[in-house]
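Structural characterization, general
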Amino acid sequence: MKFNTKTIHGNQKHDPSTGAVMPPIYQTSTYAQKSPGDHKGFEYSRTGNPTRHTLENAFASIENGSYGLAFGSGLAAIDAVIKLLQPGDEVIATNDLYGGTYRLFTQIFEKYGIIFHFVGLDNTTVISEKINKNTKLIWVETPTNPMLNIVDITSVVAIAKQHSILVAVDNTFATPYLQQPLDLGADIVMHSATKYLGGHSDVVMGALVVKDKGLADKLYFIQNASGAVCGPMDSFLVLRGLKTLHVRMQRHCENGAEVAHFLASHPKVEKVFWPGFESHPNHHIAKKQMNDFGGMVSFSTKGNRKEDAIKVVENLKLFTLAESLGGVESLCGHPATMTHASIPKAAREKTGVTDSLIRLSTGIEAISDLIEDLNQALAKI
Ligand SMILES: *Cc1c(COP(=O)(O)O)cnc(C)c1O
């Protein structure tokens with residue numbers, strides 16, 4: 001089955017009890033048992049819920065995995081992965097991580113004795129230098145947020161496999177429309193389903209997909225034991241979102257490309273970060289591992305003044321100034337003061353998140369309207 005069919009039909013059946021084409025929202029916490037332990041596969045909705053179960057199967061299908069798990073947020077999904085580890089275990093992670101992931105690693109899990117190394121994963125020799133007998137996991141984010149650097153998943157997997165280290169890929173920015181990390185050898189794919197998978201900025205949710213049964217069992221145990229699950233209504237909404245993922249992504253990519261080229265030719269723009277440019281340092285890897293370049297575009301203004309960047313985001317009208325990304329509507333953000341404010345300034349600037357950097361999530365509106373909006377906002381500086 002091709003991807004565009006999987007988003008609609010993958011691992012999905014009509015409701016067995018009524019034939020409902022769309023999965024019912026099983027808004028229930030518990031399930032009747034005939035006799036103790038004699039039930040229809042569901043006991044309690046933290047452990048399993050039919051609407052969530054349908055969604056988890058759909059996640060597995062679109063990521064070419066065998067097992068899917070849905071969580072109450074993207075961070076809850078990451079939290080479950082790190083709970084596979086023991087005190088003393090070490091993790092190597094991308095250095096320009098999503099701010100919330102960095103905060104979870106450094107402010108929660110370091111307290112419990114897990115050690116994190118943040119390195120530029122595009123340089124594979126740096127990875128080898130950090131590996132020792134305690135290294136258990138490599139955490140990859142590609143494209144990265146908000147610099148849109150690209151990590152070569154195949155090369156990371158090749159190094160990790162020599163040392164039996166797990167590889168997890170945060171596939172939030174790319175979505176399986178653009179790249180399938182499990183096919184490239186990764187062990188775990190993670191999503192903030194809040195973003196493109198849900199796609200309508202109306203749900204907060206996380207997802208994990210794996211191929212290996214043993215790994216799936218450990219994660220299901222953590223999902224149930226820690227309990228950060230999502231509700232049936234949210235599961236329904238994300239299932240509905242998934243069905244149009246491929247058509248939405250196609251337009252996000254088209255609009256992203258147009259916006260990137262427009263900005264690159266604008267006199268008030270210093271630099272545009274978008275993996276589709278041949279001048280992008282990892283363009284060749286993006287071309288190899290992705291089907292297109294996505295809808296995320298970051299740029300800095302000439303002179304690198306924070307006031308200018310703030311003026312632009314305040315004046316944009318169609319691009320709403322808001323946290324988050326991946327919805328049908330265009331959004332803009334100022335990472336230094338918003339998504340990445342929890343990263344210390346020195347560490348932030350080292351990865352390129354300067355004071356004038358603006359991140360755009362291009363929506364699926366008419367491209368001429370988006371360009372006009374950017375043009376009038378840039379005219380204000
Ligand atoms: C938003 C985001 C997360 C966190 O997901 P939540 O659903 O907000 O908890 C993790 N990684 C990336 C790349 C994100 O954009």
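Here goes a summary of the coordinates provided. Keep in mind that what you see is a predicted model, and the values were worked out from it rather than measured.

A few words on the overall build of the protein. Across its full length, the protein carries 14 helices and twelve strands. Computed over its C-alpha atoms, the radius of gyration of the protein comes to 21 Å, within 12% of the 21 Å expected for a compact globule of 381 residues. Judged by the C-alpha coordinates and their principal axes, the protein covers about 75 × 50 × 35 Å. Out of the 381 residues belonging to the protein, those deemed buried represent 55%. Carbon and sulfur atoms make up 53% of the accessible area of the protein, which amounts to about 16000 Å² in all. Distance between charge centres in the protein, computed from 36 positive and 37 negative side chains, equals 2 Å.

This paragraph deals with the site of the ligand. Lining the immediate surroundings of the ligand are 13 residues, of which Gly74, Asp170, Ser192, Thr194 and Lys195 lie closest. Within the contact set of the ligand, an oxygen atom lies 2.9 Å away from a backbone nitrogen or oxygen of Gly74. In the environment of the ligand, an oxygen atom lies 2.9 Å from a nitrogen or oxygen atom belonging to the backbone of Leu75. Surface burial for the ligand is 93%, taken as the share of its 380 Å² of free accessible area covered by protein chains.

What follows deals with the sheet that holds strand β11 (residues 331–333). Spatially, the five strands line up as an open sheet ordered β8-β9-β12-β11-β10, and their pairing is mixed. Of all strands in the sheet, those with a lone pairing partner are β8 (269–273) and β10 (320–321), marking the two edges. Alignment of β11 against strand β12 (residues 357–361), held across three bridges, turns out to be antiparallel. Along β12, the bridge assignment pairs Leu331 with Ser361. Contacts from helix α10 (residues 245–264) reach β8, β9 (296–301) and β12, with the element oriented near 15 degrees to β9.

Moving on: the pattern of salt bridges. In total, this model carries twelve salt bridges according to the counting rule given. For the salt bridge of Asp79 with Lys83, the shortest nitrogen-to-oxygen distance reads 2.6 Å. Lys83 gets classed as partly exposed once you look at its relative accessible area, which sits at 36%. Across the salt bridge formed by Lys288 and Asp152, the nearest N and O atoms sit 2.8 Å from each other. Pair noted here: Lys288 is in helix α11 (residues 283–289) and Asp152 is in the loop between β4 (135–141) and α6 (153–162), with a separation of 136 residues, a long-range link. Take Asp152: its relative accessible area is 13%, and that puts it in the buried class. Each of the salt bridges in this network shares a partner with another, and the network as a whole consists of Lys345, Arg348, Glu349 and Asp355.

We now examine the nonpolar core. Of all hydrophobic cores here, the largest spans 58 residues; its most connected members are Phe59, Met205, Leu263, Phe299 and Leu360. The dominant element in this core, judged by the number of residues it contributes, is α10, at seven residues. Excluding its chain neighbours within four sequence positions, the residues that come into contact with Phe299 are Leu263, Val269, Lys271, Val272, Phe273, Val312, Ser356, Leu357, Ile358, Leu360 and Leu378. Membership of the second largest hydrophobic core comes to 29 residues, among which are Leu84, Ala93, Phe116 and Ala168.

On to the packing of aromatic side chains, then. Going through the model one piece at a time under the given rule, you end up with eight aromatic pairs. Taken together, the aromatic side chains of Tyr102, Phe105, Phe116, Phe118 and Trp139 make up a single cluster linked through ring pairs.

For the rest of this paragraph, the subject is the side chain of Arg359. One can find Arg359 in strand β12. Glu323 is the oppositely charged side chain nearest to the buried, salt-bridge-free Arg359, at an N-O distance of 6.1 Å.

This part covers the packing of α10 against helix α14 (residues 367–378). Taken N-terminus to C-terminus, the directions of α10 and α14 make an angle of 30 degrees; their axes are 10 Å apart at the nearest point. If you check the angle between α10 and α14, you find them roughly parallel. With respect to the hand of their crossing, α10 and α14 are arranged in right-handed fashion. For the pair α10 and α14, the contacting residues are Asn255, Glu258, Val259, Phe262 and Leu263 in the first and Ile367, Leu370, Ile371, Leu374, Asn375 and Leu378 in the second. When the residues that make up the contact of α10 with α14 are grouped by side-chain class, the tally is eight nonpolar, two polar and one charged.

Relative to the helices and strands, Thr51 resides in helix α2 (residues 50–62). In this view, Thr51 contacts Pro24, Ile25, Tyr26, Pro232, Ser235, Phe236 and Leu239; residues no more than four positions away in its chain are not counted.

By the criterion of burial, strand β1 (residues 67–71) is predominantly enclosed, with four of the five residues buried. Looking at chain direction, β1 and strand β7 (residues 206–210) are connected through five bridges and run antiparallel. Across the sheet, Ala70 pairs through a bridge with Ala207, a residue of β7.

Rules and cut-offs
- Residues numbered from 1 in each chain as written.
- Predicted model: local features only at pLDDT ≥ 70, side-chain atom pairs only at ≥ 80, totals over all residues.
- Heavy atoms only, no water.
- Helix = DSSP H or I, 4+ residues; strand = E, 2+ residues; numbered from the N terminus.
- Rg over C-alpha atoms; globule rule 2.2 N^0.38 Å.
- Buried < 20%, exposed > 50% of the residue type's maximum accessible area, 1.4 Å probe, protein only.
- Areas by Shrake-Rupley, 256 points an atom, 1.4 Å probe, with all protein chains shown as cover.
- Lys, Arg positive; Asp, Glu negative; His and termini not counted.
- Charge placed at Lys NZ, Arg CZ, Asp CG, Glu CD.
- Near = heavy atom within 4 Å.
- Polar contact = N/O pair within 3.5 Å; in protein donor to acceptor, adjacent residues only side chain to side chain.
- Pairing = 2+ DSSP bridges.
- Contact = heavy atoms within 4.5 Å.
- Axes fitted to C-alpha atoms, helices over the stretch in contact; angles between N-to-C directions.
- Salt bridge = Lys/Arg side-chain N within 4 Å of Asp/Glu carboxyl O.
- Core = buried A, V, L, I, M, F, W, Y, C linked by side-chain atoms within 4.5 Å.
- Phe/Tyr/Trp six-rings, centres within 6.5 Å; stacked < 30°, edge-to-face > 60°.
- Parallel < 35°, antiparallel > 145°, perpendicular 65-115°, else oblique.
- Left-handed = near helix turned anticlockwise from the far one by under 90°.
- Nonpolar A, V, L, I, M, F, W, Y, C, P; charged D, E, K, R; others polar.

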